[in-house]
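Here's the letter readout for the chains.
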Amino acid sequence: MWSMSDPSAARSGSLPVIPPLLAVAMRPLPLLPLQLILSGVLQRILQRNPAIFDRLGEHSRARFGIEPTDLPFSFVVEASPPRLGVVHVLPRDLDARIRTSLASLLALLEGKVDGDALMFSRDLVIEGNVEAILALRNAIDDAQLDLVEELSSLFGPLGRPARRALAMARERVLGASHRHGGF
Amino acid sequence: MELICPAGTPAALKSAIEAGADAIYCGFNDETNARNFPGLNFSRDEMRRGIALAHRSGAKVLVAINTFPRAGGVDLWHRAVDDAVSAGADALILADIGLMDYAARRHPNQRLHVSVQAAAANPDAIAFYVEAFGARRVVLPRVLSVPEIAEITREAACETEVFVFGGLCVMAEGRCSLSSYATGKSPNMQGVCSPASHVVYQQTPQGTNSRLGGFTINRFGPDEPAGYPTLCKGRFSTELGTGYIFEDPVSLDATTLLKGLRDAGVTALKIEGRQRGRAYVDSVVRHFRGALDALAGGREADIASLKPFTEGQASTVGAYRKTWK
């Protein structure tokens, strides 16, 4: 499904996309289970990284629409109170919209790509409140998120095998540039 | 030559250290520094912890307090100086002569650097900062050629630092009012050039329109590389045609000029980009660490292109290789 020939791709912005046929096949899937899982991940991230709220500042109540260009659904995300919705079509009353591929989105969340570089290469499109988007980008970049860690924590006693499987998946999507450590 | 690297967040500071920075420059999260962007910069506590982490790793931290104090509001800048000193900053990067005076009198043992925002571009101007305030280093504007830098460095009474990568400001820094004209806010006073609060991106069938303070300053075609929404890099239509009046969207990359800068006597090389993410900091710092190590070892640098990180996906050596007068 994914291919990653250039190990520096995650940093340079040339990341793989989901094949259109697979995206079409995903369209009938129910969104609620995904929404429940991702809502749990969001809650956990915000609980473990309260500095995100400091960096979001006055934009902590902003509603962000995130549209992965290679998926048949999108996300509506709010930090305070933490809410995440999975929808087929983004509502109109959002503060800001962010469009990019799923792989770029994941790489951005983990700080593996530079948001400005994605803008320069036109792999990232933003609309709406640019100040809120910048605050979000900087808050996430500073949080040093580890998505494998966050997702695998939801699997309880199966966390260890889940972590292994998710780490392998991340390796295929984003390459070997992952870094650990906190401030 | 010292490698001076940007950090807009504590995480970026850590990335810069791990990537081989000799020193990191950063600022407080208010209008006292010229990168006062939303969600960026350091609280007092983060600054203290960041400096401690850098010192444990053998790196220095230079605190940028390089905007010009507001009339009636100078206390904010004085507090920034005092807090940076008490946090253990290795140097303060200052632009305003009143603030330089305050820092020199209040903290006579504190190392002071003259910010690029001071636009000190000749030996006489530099001598003033050295004689009046004991400045130890000057960051030179990005409008000088390498031979000019060599000449200034030879005559300067302090160390010189030059930019080697990142945003290429072609104006007299600290004097430019383009952002202020369009938005009422400037890097000199509020610490923001083309503030995000005044930027609008509109998606149209013809491409992306970027607007600043109500002015349309560019339209990028669907697959055309884009740049920052700054007036100096705007593309304008006039009766003579459509094009970039001041400069194309492009980033400075002086990798190929490192030997010339070393021979010119430059002490430190600065990477622009406190507003950029950890991925930028990590890759660009590693690139220049490798290039400097290769230069020191007399080897050819085997370095990857930094093109993906450049504005407009293009780079230039700018005025360093000046072909005009």
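Residues numbered from 1 in each chain as written. Chains lettered and ligands numbered in written order. Predicted model: local features only at pLDDT ≥ 70, side-chain atom pairs only at ≥ 80, totals over all residues. Heavy atoms only, no water.

## Quick word on the overall build of chain A
From N to C terminus, chain A includes 9 helices and 5 strands. Reading chain A from its N terminus to its C terminus gives the helix and strand order α-α-α-α-β-β-β-β-α-α-β-α-α-α. The buried share of chain A, taken over its 183 residues, is 51%. Sequence-distant contacts in chain A: of pairs separated by 6 or more residues, those separated by 24 or more amount to 66%. (Helix = DSSP H or I, 4+ residues; strand = E, 2+ residues; numbered from the N terminus. Buried < 20%, exposed > 50% of the residue type's maximum accessible area, 1.4 Å probe, protein only. Contact = heavy atoms within 4.5 Å.)

## A few points about the nonpolar core
Val 63 and Ile 271 of chain B are the most contacted members of the largest nonpolar core, which totals 83 residues. Apart from residues lying up to four places away in sequence, Val 63 of chain B is in contact with Cys 26, Phe 28, Met 47, Ile 51, Ala 84, Ala 89, Ala 91, Leu 92 and Ile 93 of chain B. The next biggest cluster of nonpolar side chains, apart from the first, holds 51 residues, and it includes Ile 18, Ala 96, Leu 102 and Ile 126 of chain A. (Core = buried A, V, L, I, M, F, W, Y, C linked by side-chain atoms within 4.5 Å.)

## A short note on the environment of Gly 207 of chain B
All names here are of chain B. Mapped onto the secondary structure, Gly 207 falls in strand β9 (residues 207-212). Distance in space between the C-alpha atoms of Gly 207 and Gly 221 is 4.4 Å, their sequence separation being 14 residues. Residues in contact with Gly 207, not counting those within four places in the same chain, are Gln 202, Phe 220, Gly 221 and Pro 222.

## A word on the interface of chain B and chain A
Contact residues are listed per partner, giving 42 residues for chain B and 32 residues for chain A. Both sides of the chain B and chain A interface together cover about 3,200 Å² of buried area, and 52% of this is carbon and sulfur. The largest share of the area that chain B buries against chain A comes from Pro 38, Tyr 201 and Arg 278 of chain B, three residues that together contribute 21% of it. Measuring nitrogen to oxygen at the nearest pair gives 3.1 Å for the salt bridge that ties Arg 55 of chain A to Glu 46 of chain B. On the surface where chain B and chain A come into contact, there are 17 residue pairs in polar contact (both at pLDDT 80 or more). The greatest single-element share of the side of chain B that touches chain A, amounting to 5 residues, is contributed by helix α9 (residues 278-296) of chain B. Of the residues contributing to the side of chain B that touches chain A, the split by class is 18 nonpolar, 16 polar and 8 charged. (Buried area = accessible area lost by both parts, 1.4 Å probe. Salt bridge = Lys/Arg side-chain N within 4 Å of Asp/Glu carboxyl O. Polar contact = N/O pair within 3.5 Å; in protein donor to acceptor, adjacent residues only side chain to side chain. Nonpolar A, V, L, I, M, F, W, Y, C, P; charged D, E, K, R; others polar.)

## Considering the sheet that holds strand β2 (residues 74-78) of chain A
All names here are of chain A. In space, the 5 strands of this open sheet follow the order β3-β2-β1-β4-β5, with mixed pairing throughout. Edge positions in the sheet fall to β3 (83-87) and β5 (125-128), since each of these pairs with one other strand and no more. Each adjacent strand pair in this sheet contributes to an overall mean axis angle of 15 degrees, direction not counted. The strands that helix α3 (residues 32-48) touches are β2 and β3; relative to β3, the one it contacts most, it runs at about 155 degrees. (Pairing = 2+ DSSP bridges. Axes fitted to C-alpha atoms, helices over the stretch in contact; angles between N-to-C directions.)

## A few points about the sheet that holds strand β10 (residues 215-220) of chain B
All names here are of chain B. Sheet architecture is open: 3 strands sit in the order β8-β9-β10, paired in antiparallel fashion. Where the open sheet ends on each side, the last strands, each with one partner, are β8 (199-204) and β10. Taking the axes of each pair of neighbouring strands and ignoring which way they run, one obtains an average angle of 25 degrees across the sheet. The pairing of β8 with β9 spans 6 bridges and is classified as antiparallel. For Val 200, the partnering residue across the bridge sits in β9 and is Arg 211.

## Observations regarding the environment of Leu 306 of chain B
Topologically, Leu 306 of chain B is positioned in the loop between α9 and β15 (315-316). Excluding residues that lie within four positions of it along the chain, Leu 306 of chain B makes contacts with Phe 165, Asp 253, Ser 283, Val 284, His 287 and Phe 288 of chain B.

## A look at the domain arrangement of chain B
A common way to report how large an interface is uses the accessible area buried once the components associate. All names here are of chain B. Structurally, chain B comprises domain 1 (2-168 + 250-321) and domain 2 (178-244). In this structure, domain 1 and domain 2 have C-alpha centres spaced 26 Å apart. Facing the 19 residues of domain 1 at the interface are 12 residues of domain 2. Regarding the contact of domain 1 and domain 2, the summed buried area is about 1,200 Å², with carbon and sulfur atoms giving 49% of it. (Domains from an automatic or database assignment.)

## Details of the state of the cysteines
Residue and element names in this part refer to chain B. Counted under the stated rule, the structure contains 0 disulfides over all chains. Cys 5 carries a free sulfur, and the closest cysteine sulfur to it, the one in Cys 26, is 12 Å from it. Here Cys 5 falls in the buried class, since its relative accessible area comes to 0%. (Disulfide = S-S within 2.5 Å.)

## Side note on the packing of helix α4 (residues 97-106) of chain B against helix α5 (residues 123-133) of chain B
Residue and element names in this part refer to chain B. Contact geometry of α4 with α5 gives a least axis separation of 10 Å together with a crossing angle of 30 degrees. Here Ile 97, Met 100, Asp 101 and Ala 104 of α4 lie close against α5, whose contacting residues are Phe 128, Tyr 129 and Phe 133. Residue classes in the contact of α4 with α5 are distributed as 6 nonpolar, no polar and 1 charged.

## Some details on helix α1 (residues 10-19) of chain B
Because an α-helix completes one turn every 3.6 residues, residues spaced three or four positions apart along the sequence face the same direction. Residue and element names in this part refer to chain B. Counting buried residues in α1 gives 9 out of 10 residues, a clear majority hidden from the surface. Every buried residue of α1 is listed here: Pro 10, Ala 11, Ala 12, Leu 13, Lys 14, Ser 15, Ala 16, Ile 17 and Ala 19. Just beyond α1, the residue with positive phi is Gly 20, at close to 110 degrees.

## Quick word on α9 of chain B
Spanning 19 residues, α9 of chain B covers 27 Å between terminal C-alpha atoms, matching the ideal 27 Å at 1.5 Å per step. Of the residues trailing α9 of chain B, Gly 298 of chain B is marked for its positive phi of about 70 degrees. (Expected span 1.5 Å × (residues − 1).)

## Remarks on the confidence of the model for chain A
Residue and element names in this part refer to chain A. For chain A, the average pLDDT comes to 84, and 87% of its residues sit at 70 or higher. Put simply, helix α1 (residues 9-12) is where chain A has its lowest mean pLDDT, 47, and helix α7 (residues 130-143) is where it has its highest, 97. Low pLDDT, under 50, characterises residues 176-183; the stretch is placed with 28 contacts to residues that sit more than four places away or in other chains. (pLDDT = per-residue confidence, 0-100.)

## A closer look at a nonpolar patch on the surface
Residue and element names in this part refer to chain A. A surface patch of nonpolar side chains, about 370 Å² in accessible area, is lined by Ile 37, Leu 154, Phe 155 and Leu 158. Counting through the fold element by element, Leu 158 comes out in the loop between α8 (147-152) and α9 (159-174). A relative accessible area of 54% means that Leu 158 is categorised as exposed. (Patch = residues over 30% accessible without salt bridge, like charges linked within 9 Å, V, L, I, M, F, W, Y side chains within 5 Å. Areas by Shrake-Rupley, 256 points an atom, 1.4 Å probe, with all protein chains shown as cover.)

## Re the packing of aromatic side chains
Residue and element names in this part refer to chain B. Inspection of every chain in the model, using the stated rule, returns 9 aromatic pairs over all chains. Between Tyr 181 and Phe 215, the ring centres sit 6.0 Å apart and the planes meet at 25 degrees, which makes this aromatic pair stacked. Here Tyr 181 is found in helix α7 (residues 178-183), whereas its partner Phe 215 is found in strand β10, with 34 residues between them in sequence. Clustering of aromatic rings is evident, with ring pairs tying together Phe 165, Tyr 280, Phe 288 and Phe 309. Lying across the ring of Phe 28, Arg 44 places its NZ or CZ 3.9 Å from the centre. The ring of Tyr 25 is capped by Lys 270, whose NZ or CZ atom sits 4.3 Å from the centre of that ring. (Phe/Tyr/Trp six-rings, centres within 6.5 Å; stacked < 30°, edge-to-face > 60°. Lys NZ or Arg CZ within 6 Å of the ring centre and 35° of its normal.)

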